[in-house]
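An overview of the molecular structure
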Amino acid sequence: MNSTTVMKTFAETDIVDAVVVGSGAGGAPLAAELARNGKTVVVLEAGPAFTAMGHTPDEIAARELYWLHERLSAGTNPQAFGGNNSGTGLGGSLLHYGAFMPRMDTRDFHLHTETGKGVDWPFGLDELLPYIERVESFIGVSGPKSYPWDPTRRYAYPPPPANSAALKMREGCDALGLRHADGPAALITREIEQPHFGTRHSCANCGACHQGCRNGAKSGADNTWLPMAVAYGAELRPGCFAHTIERDSSGRVTGVVYRQDGIEHRQKCATLVLAAGAVETPRLLLTNGLANSSGQVGQNYMTHVSTQVWGEFDEDIRPNRGYPSLTITEDMMRPKDADFVGGYLVQSLGMMPATWGQNLARSTTTRGPAFARALAGYNRSAGMGINGECLPRPENRVTLSDEKDAFGIPKPLIEHSYGPNEWAMHNHAANLLSRMWEAIGAKDIRVIDRAAHMIGTCRMGTDAGSNVVNPEGRSFDIDNLWISDHSIFPSAAAANPALAIMSLSLRTADAMLKA
Amino acid sequence: MSPPPDRPEILDSDHLSARTRDILTSRLSAPETQPCTLSLQAYAVLDALLPVLLPLEEILPPGTDINMTARIDAALSGPRDGWRFADLPPDAEAWEAALLTLDDVAAEQHGIRFIHLAPELRGSLLDAMMTGQLGLDRDGRLSIPQMARWAGDLRGEVVDCVMSDPRVQQALGISSSLTGGDTVFQGFAEVGPNSREDFEPKATAALAQMADSRE
């Protein structure tokens with residue numbers, strides 16, 4: 001935060017206009033927007049306040065940026081949580097996100113109309129686009145001069161330099177006749193003065209985006225929305241774990257109980273916004289037995305098919321250096337030979353060594369000298385990965401387990417299994433990316449079957465019987481309860497979710513101001 | 001115990017922050033109390049399986065001991081990674097049960113404890129575990145599918161321990177810790193292939209030298 005700004009504080013007995021639970025992509029833009037329009041706002045964040053220069057590229061220590069309250073992972077594709085998934089701390093998951101910032105494809109808003117599968121969003125790209133452009137403009141996004149799949153689009157900052165993996169993916173695309181470009185990245189490539197924050201430096205190509213940006217180049221909530229919120233009078237409370245939602249006799253929310261330093265506190269509020277993500281938001285509603293007349297809280301859990309393919313080159317690649325995932329192709333958003341609905345984005349992948357080694361270790365059973373040889377190939381390795389549509393399935397959901405956490409609250413159980421569409425997409429991508437690497441001479445090509453991101457569980461839609469919130473994010477059951485995070489996405493879409501989460505957050509803030 | 005290893009040169013780089021230097025330096029010594037999570041029996045099984053799973057003499061200079069057994073045992077009592085497979089018990093309990101399962105199966109199949117098996121036989125048991133062919137359906141032990149799940153956790157923990165060690169980073173020529181110092185945040189000026197900067201380590205391990213030797 002800007003050290004010259006003195007943060008306003010509220011008494012627990014004050015009835016603030018809004019309490020926002022969560023300070024990441026879902027909570028921060030909305031908090032800033034409400035405050036800018038004169039509303040009194042308190043943001044409760046379970047994690048601490050970090051300082052950017054205190055971040056460390058050491059992957060084990062950098063786990064402090066991840067949500068480490070234990071989750072139980074089940075299904076035939078149990079998902080890995082922790083690393084590069086859910087965040088904690090002022091700024092939320094944007095502290096560790098990869099800053100890869102594609103826009104949602106206009107077709108992904110209408111997947112059911114297009115294919116008869118999946119679910120449509122209750123509006124199209126035209127509705128969200130003004131908010132997308134506001135987000136990109138305010139936080140700072142770099143990209144190419146001309147974007148091949150949308151020539152009208154403009155980015156304010158030129159792209160960072162292409163690292164080894166980005167250059168290799170360009171070669172692979174050229175070999176197979178695919179278009180490619182520098183992808184949109186939420187980082188700045190020249191120094192600026194960020195309103196209400198201060199100096200943000202140009203990206204130094206350090207490659208440790210997932211371990212926290214040390215110089216403010218990466219566009220997070222901590223260096224954009226949250227300082228703005230504070231400047232307009234919002235209070236940020238780190239270290240506050242919200243667990244109980246209090247209501248009056250009519251069922252409306254009156255306040256939130258949270259624990260800070262082992263002590264219970266209560267903040268009264270006129271409106272509550274949940275922005276805790278697609279696991280913690282439904283967990284909070286389920287433990288409190290709220291907003292679930294549809295029976296859909298926790299249902300429709302989705303991820304992204306995030307298959308990776310790695311190869312070794314007879315060159316010094318050094319995959320830790322440079323922005324990790326610069327090259328993109330959107331040519332697979334509706335591939336002609338697809339035996340699945342929806343599509344996927346492909347990005348180049350550099351990676352830090354322990355994360356890379358984890359993927360290698362969990363996707364193979366090599367042992368002995370062969371395992372050592374594989375790890376010793378780190379500096380020769382380059383990767384590509386996808387993010388692709390994942391259809392909602394009844395067996396994929398978040399429920400409460402029988403185990404309690406340190407707060408005495410049930411740990412969440414997340415069931416996740418691929419269906420035929422996800423497997424078909426995985427196989428398509430594994431084949432394509434392997435052929436790209438083969439075409440340019442990569443050796444020891446390795447396919448990693450994995451899913452990423454967390455989406456769904458409190459779906460928005462027009463029908464109160466099958467959705468948790470209306471198309472603006474407001475609970476059908478409790479009129480002063482709103483949800484602003486990726487749990488309201490009706491479908492996964494292919495794009496990384498951060499841009500859509502922030503855009504929806506601004507849109508929900510507008511709706512709250514009009515309500 | 002092997003003699004203390006040379007201090008890796010990367011620890012003296014001005015491209016390293018003080019915090020990162022402290023974190024990496026702390027890994028040069030073994031935890032004081034061993035074991036602190038596992039029973040003596042389970043600890044001994046872990047100690048005997050690690051060289052068969054990942055022989056570090058392939059990477060590190062002779063005589064270098066990164067205290068992997070002790071560090072993993074200590075890590076099991078520290079903050080974990082935020083999730084676990086729903087069909088496994090909590091981490092410390094799962095590790096104890098898995099290691100004792102290996103010991104019991106060694107005794108049943110070969111008549112001697114895991115730690116006394118020849119390396120080839122230890123390796124065969126690990127292969128059977130990783131490919132879903134080893135487990136025990138009894139209290140305090142893990143079943144075949146549980147052992148296959150745990151094998152992924154084991155491999156992941158080992159890789160965390162190895163790739164985050166400054167001696168390994170030095171030996172493999174990895175510059176990932178050298179993102180920038182405290183007064184100057186240097187980052188990397190060169191990010192393309194075959195463009196190692198002077199401050200970045202050059203691999204010393206034979207396995208990792210192919211690219212460097214081309215410079």
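The rules behind these values
- Residues numbered from 1 in each chain as written.
- Chains lettered and ligands numbered in written order.
- Predicted model: local features only at pLDDT ≥ 70, side-chain atom pairs only at ≥ 80, totals over all residues.
- Heavy atoms only, no water.
- Contact = heavy atoms within 4.5 Å.
- Buried area = accessible area lost by both parts, 1.4 Å probe.
- Salt bridge = Lys/Arg side-chain N within 4 Å of Asp/Glu carboxyl O.
- Polar contact = N/O pair within 3.5 Å; in protein donor to acceptor, adjacent residues only side chain to side chain.
- Helix = DSSP H or I, 4+ residues; strand = E, 2+ residues; numbered from the N terminus.
- pLDDT = per-residue confidence, 0-100.
- Expected span 1.5 Å × (residues − 1).
- Buried < 20%, exposed > 50% of the residue type's maximum accessible area, 1.4 Å probe, protein only.
- Phe/Tyr/Trp six-rings, centres within 6.5 Å; stacked < 30°, edge-to-face > 60°.
- Lys NZ or Arg CZ within 6 Å of the ring centre and 35° of its normal.
- Pairing = 2+ DSSP bridges.
- Axes fitted to C-alpha atoms, helices over the stretch in contact; angles between N-to-C directions.

Some remarks on the interface of chain A and chain B
Each side of the interface is counted separately: chain A has 68 residues, and chain B has 66 residues. With both chains or domains summed, chain A and chain B bury close to 5,500 Å², and 55% of this area falls on carbon and sulfur atoms. Among the residues of chain A in contact with chain B, Arg321(A), Arg362(A) and Arg367(A) are the three that bury the most area, contributing 13% of the side total. Run the count over chain A and chain B and you get 10 salt bridges. A salt bridge links Asp127(B) to Arg367(A); the shortest N-O distance between them is 2.8 Å. Remark: the boundary between chain A and chain B carries 42 residue pairs in polar contact (both at pLDDT 80 or more). Those elements that place two or more of their residues in the side of chain A that touches chain B are β3 (71–74), α4 (164–176), α7 (353–363), α8 (369–376) and β17 (410–415) of chain A.

Digging into the confidence of the model for chain B
Regions with low pLDDT should not have their predicted coordinates read in detail. Residue and element names in this part refer to chain B. Averaged over every residue, the pLDDT of chain B is 93; the share at 70 or more is 95%. Counted against residues more than four places away or in other chains, residues 211–215, with its pLDDT under 50, gives 11 contacts. Scoring the predicted complex yields pTM 0.97 and, for the interface, ipTM 0.96.

A few points about helix α6 (residues 144–163) of chain B
Because an α-helix packs 3.6 residues into every turn, residues spaced three or four apart end up facing the same way. The end-to-end C-alpha separation of α6(B) is 29 Å, in line with the 28 Å expected for 20 residues at 1.5 Å each. Burial within α6(B) is extensive, with 16 of its 20 residues counted as buried.

Quick look at the packing of aromatic side chains
Across all of its chains, the model carries 14 aromatic pairs over all chains by this definition. With a centroid separation of 4.6 Å and 40 degrees between ring planes, the pair formed by Phe138(A) and Trp225(A) is classed as tilted. Within this pair, whereas Phe138(A) is found in helix α3 (residues 125–139), its partner Trp225(A) is found in helix α5 (residues 225–231), the two being separated by 87 residues in sequence. On the basis of relative accessible area, Trp225(A) is assigned to the buried category, the value being 3%. With centroids separated by 5.0 Å and ring planes inclined at 80 degrees, the aromatic side chains of Trp83(B) and Phe85(B) adopt a geometry described as edge-to-face. The pair formed by Trp83(B) and Phe85(B) is uniform in burial state, with each residue classed as buried. Following the ring pairs from residue to residue traces out a cluster consisting of Phe109(A), Trp121(A), Phe123(A) and Phe489(A). Here the basic side chain of Arg149(B) rests over the ring of Phe85(B), its NZ or CZ set 4.9 Å away from the ring centre.

Things to note about the sheet that holds strand β16 (residues 397–404) of chain A
Reading across the sheet, the 4 strands line up as β16(A)-β17(A)-β3(A)-β1(B) and stay open at both edges, with mixed pairing between neighbours. In this open sheet, the two edge strands, each paired with only one partner strand, are β16 of chain A together with β1 (83–85) of chain B. Between one strand axis and the next, the sheet turns by 30 degrees as a mean value, whatever way the strands run. In this structure, β16(A) lies alongside β17(A), joined through 5 bridges in antiparallel fashion. What sits directly across from Lys404(A), in β17(A), is Pro410(A). Seen against the sheet, helix α6 (residues 277–288) of chain A touches β3, β16 and β17 of chain A and runs at an angle of roughly 65 degrees to β16(A).

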